[in-house]
There are 2 protein chains.
Amino acid sequence: MSITLQPARPSVAARLAIRRGDHPGPTAGLAAGYVQANLAILPASHADDFLKFCVRNPQSCPVLAVSEPGDTALPALGQDIDIRSDVPGYRVFRDGELIAEPDNLDEVWRDDLVTFVIGCSFSFEEALLANGVPVRHIEQGCNVPMYRTSIPTQPAGPFHGPLVVSMRPMLPAQAIRAIQVTSRFPAVHGAPVHLGDPALIGIADLARPDYGDAVAIRDHEIPVFWACGVTPQSVIAATKPPFCITHAPGKMLITDLLNAHLAAL
Amino acid sequence: MSITLQPARPSVAARLAIRRGDHPGPTAGLAAGYVQANLAILPASHADDFLKFCVRNPQSCPVLAVSEPGDTALPALGQDIDIRSDVPGYRVFRDGELIAEPDNLDEVWRDDLVTFVIGCSFSFEEALLANGVPVRHIEQGCNVPMYRTSIPTQPAGPFHGPLVVSMRPMLPAQAIRAIQVTSRFPAVHGAPVHLGDPALIGIADLARPDYGDAVAIRDHEIPVFWACGVTPQSVIAATKPPFCITHAPGKMLITDLLNAHLAAL
């Protein structure tokens, strides 16, 4: 593979380092200010239904880009992106079973694969911090806690399942500010879907998240819940498509879009 | 007094009816879509400090207009407004004591009086209803419950005292929508200041409001609290200025501004 990128932008430099294998770890903290995104790659046979699923569930599955079958570029998201190499780690599934965790897709790529790039809460967390709203899992240096809820998604073809939410605890006045701030970012989950009593959305115990890590909830704080990009991954896993690729947890696609440019206003 | 208004607008027609004495009651429901506002009239000796107080506490005291001393018109708010006659009822205070409740100010008007017109939550309640967010006290046909809090205002001169909030109970998802909707209206109290546990802002019992009426809080609902235009009235009352006039409760000044035009976006 020839390397033609000029690392003028931090996002391009980061992708170049990832492509070279110089950054095999999680992407948090890389190319600050640039949109990082979730990845789901499906065969064309399942892509139309999955796109419908995303369109019907925009808060959990905000599509930033979708490729033509077999196309490895994503020109809307960055110059010279090659989806086979520009993420530090991938997960490959056959019939719902994890069969490989490669650091590139050279050996598994197929001409019928369609790439979906889905917005991620990293973008709005940057805005929360810039507004003085604390983000507990960042403070604690762990993953955000995520929970399956009793809220159904709108199904499409074989894709169906519960909404997965991420949770950030904060004081009430911070929650009000967080709602204002994240409402500006509909392309990356937007406003919360719930706050307060977790039982109302089918969460039995905040200390036992279904994904990620539990975080401390301090005196007077309330849990605030956002639709989460793990929803499409969870739905795909439950659907057990014949073939599927996702990014490895925390190893996101770094795009040339600025988080600030995702703000609706 | 000569009547020169042409009742082309509903707001002008309503003021004309009030001026004639044809509408002595509360103004709720009159001239739908038009901004109704709180009134505070103070001698020039106190007006500069009170204006500073309002500027320092914009969430509770959003100033829509302030007059020159002795001026009875408010051209920014409506053609031909005469503040002495265009509100259905007034309260006149001397040294903090209620001395009269006239239906016009002809006998008490003075050349040193400065009129403050302060935004009112009527404007954002219209927007809440239009967004499908229920407003309990409107459903119940009573006044909104209001509470003195432990949150201090920023003082100015003799004016100081606690923030007064109004409370509307709603489901969490409705509260999230209500925060979005009311954030568009900074000129009429804007976003809530608190939600959830009332004790955190010094409210002991939601069933015993300091002003207005208690309302039902249903299963799974949370109380949502907005800064309230009763704050300046409460602060003025505590300050006991030598002379002061307010509107009588529920008998607001109807302006020619549209509620929709107060939306910041």
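The name an unreviewed UniProt entry gives chain A is Putative hydro-lyase FuraDRAFT_0038, with Pseudogulbenkiania ferrooxidans 2002 as the organism. Regarding chain A, the UniProt comment filed under Sequence similarities (unreviewed entry) reads as follows: "Belongs to the D-glutamate cyclase family."

Here the focus is the domain arrangement of chain A. Residues and elements named next belong to chain A. Segmentation of chain A into domains returns domain 1 (10-114 + 239-262) and domain 2 (122-232). One C-alpha centre belongs to domain 1, the other to domain 2, and the line joining them spans 22 Å. Taken together, the 23 residues of domain 1 in the interface contact 26 residues of domain 2. Contact with domain 2 buries surface across domain 1, with Phe-53, Gln-59 and Leu-262 losing the most and accounting together for 28% of the total. Taken together, the links from domain 1 to domain 2 amount to zero salt bridges. Of all the elements in the fold, those that place two or more residues in the side of domain 1 that touches domain 2 are strand E1 (34-43), helix H2 (44-56) and helix H7 (259-262). Of all the elements, H2 adds the most residues to the side of domain 1 that touches domain 2, at six residues. Across the side of domain 1 that touches domain 2, the residue classes break down as 11 nonpolar, nine polar and three charged.

Another point: the packing of helix H3 (residues 122-130) of chain B against helix H5 (residues 172-183) of chain B. Residue and element names in this part refer to chain B. One way to put it is that H3 packs onto H5 with a least axis distance of 9 Å and a crossing angle of 130 degrees. Here H3 lies oblique to H5, going by the angle between them. Between H3 and H5 the crossing geometry is right-handed. Contacts from Phe-124, Ala-127 and Leu-128 of H3 reach H5 at Ala-178, Val-181 and Thr-182. Considering only residue class, the contact of H3 with H5 consists of five nonpolar, one polar and no charged.

On to the relation of the copies chain A and chain B. Each copy of the sequence occupies a distinct position, and chain A is placed on chain B by a rotation of 179 degrees and an axial shift of 0.0 Å, giving an RMSD of 0.1 Å. This pairing of chains is accounted for by a two-fold axis. It is Gln180(A) whose C-alpha, among those of chain A, lies nearest the rotation axis, at 3.2 Å. Looking at the interface residues of chain A, 100% of them are also at the interface in chain B, so both copies use one shared face.

Across the boundary between the two partners, chain A contributes 15 residues, which contact 15 residues of chain B. Both sides together, the interface formed by chain A and chain B hides about 1300 Å², and carbon and sulfur atoms give 80% of it. Contact with chain B buries surface across chain A, with Ile176(A), Leu195(A) and Leu200(A) losing the most and accounting together for 38% of the total. On inspection of chain A and its partner chain B, the count reaches zero salt bridges. Inspection of the chain A/chain B interface yields two residue pairs in polar contact (both at pLDDT 80 or more). Elements that contribute at least two residues to the side of chain A that touches chain B include exactly helix H5 (172-183) and strand E8 (194-195) of chain A. Residue composition of the side of chain A that touches chain B, grouped by class: 11 nonpolar, four polar and no charged.

Here we take up the pattern of salt bridges. Throughout the structure, instances matching the rule amount to 25 salt bridges over all chains. With a shortest N-O distance of 2.7 Å, Glu221(A) and Arg136(A) are connected by a salt bridge. Residue Glu221(A) is located in the loop between E8 and strand E9 (222-227), and its partner Arg136(A) is located in helix H4 (residues 136-140); the two are separated by 85 residues in the primary sequence. For the pair formed by Glu221(A) and Arg136(A), the shared burial category is buried. A salt bridge links Arg136(B) to Glu139(B), with the shortest nitrogen-to-oxygen separation between them at 3.0 Å. Of this pair, Arg136(B) and Glu139(B) both sit in helix H4 (residues 136-140), separated by three residues, roughly a single helical turn. Among the charged side chains, a salt-bridge network with shared partners connects Arg9(A), Arg15(A), Arg19(A), Asp86(A) and Asp256(A).

Looking now at the side chain of Arg15(B). Residues and elements named next belong to chain B. Secondary-structure assignment places Arg-15 in helix H1 (residues 10-20). Reaching out from Arg-15, the side chain makes a polar contact with the side chain of Asp-256 at a distance of 2.8 Å. Non-local contacts of Arg-15, meaning those with residues more than four positions away in its chain, are made with Gly-78, Gln-79, Ile-81, Asp-86, Leu-253, Ile-254, Thr-255 and Asp-256.

Another point: the packing of aromatic side chains. Residues and elements named next belong to chain A. Under the criterion given, the structure shown has 11 aromatic pairs over all chains. Between Phe-53 and Phe-159, the aromatic rings sit 6.4 Å apart at their centres with planes inclined by 50 degrees, giving tilted as the arrangement. With a gap of 106 residues between them, Phe-53 in helix H2 and Phe-159 in the loop between strand E6 (146-152) and strand E7 (162-170) connect regions that are remote in the sequence. Accessibility expressed as a relative area gives 0% for Phe-53, which makes it buried.

Quick notes on the rules
- Residues numbered from 1 in each chain as written.
- Chains lettered and ligands numbered in written order.
- Predicted model: local features only at pLDDT ≥ 70, side-chain atom pairs only at ≥ 80, totals over all residues.
- Heavy atoms only, no water.
- UniProt positions renumbered as here; feature names shortened; annotations may be inferred.
- Domains from an automatic or database assignment.
- Contact = heavy atoms within 4.5 Å.
- Buried area = accessible area lost by both parts, 1.4 Å probe.
- Salt bridge = Lys/Arg side-chain N within 4 Å of Asp/Glu carboxyl O.
- Helix = DSSP H or I, 4+ residues; strand = E, 2+ residues; numbered from the N terminus.
- Nonpolar A, V, L, I, M, F, W, Y, C, P; charged D, E, K, R; others polar.
- Axes fitted to C-alpha atoms, helices over the stretch in contact; angles between N-to-C directions.
- Parallel < 35°, antiparallel > 145°, perpendicular 65-115°, else oblique.
- Left-handed = near helix turned anticlockwise from the far one by under 90°.
- Least-squares fit on C-alpha atoms with pLDDT ≥ 70 in both.
- Polar contact = N/O pair within 3.5 Å; in protein donor to acceptor, adjacent residues only side chain to side chain.
- Buried < 20%, exposed > 50% of the residue type's maximum accessible area, 1.4 Å probe, protein only.
- Phe/Tyr/Trp six-rings, centres within 6.5 Å; stacked < 30°, edge-to-face > 60°.

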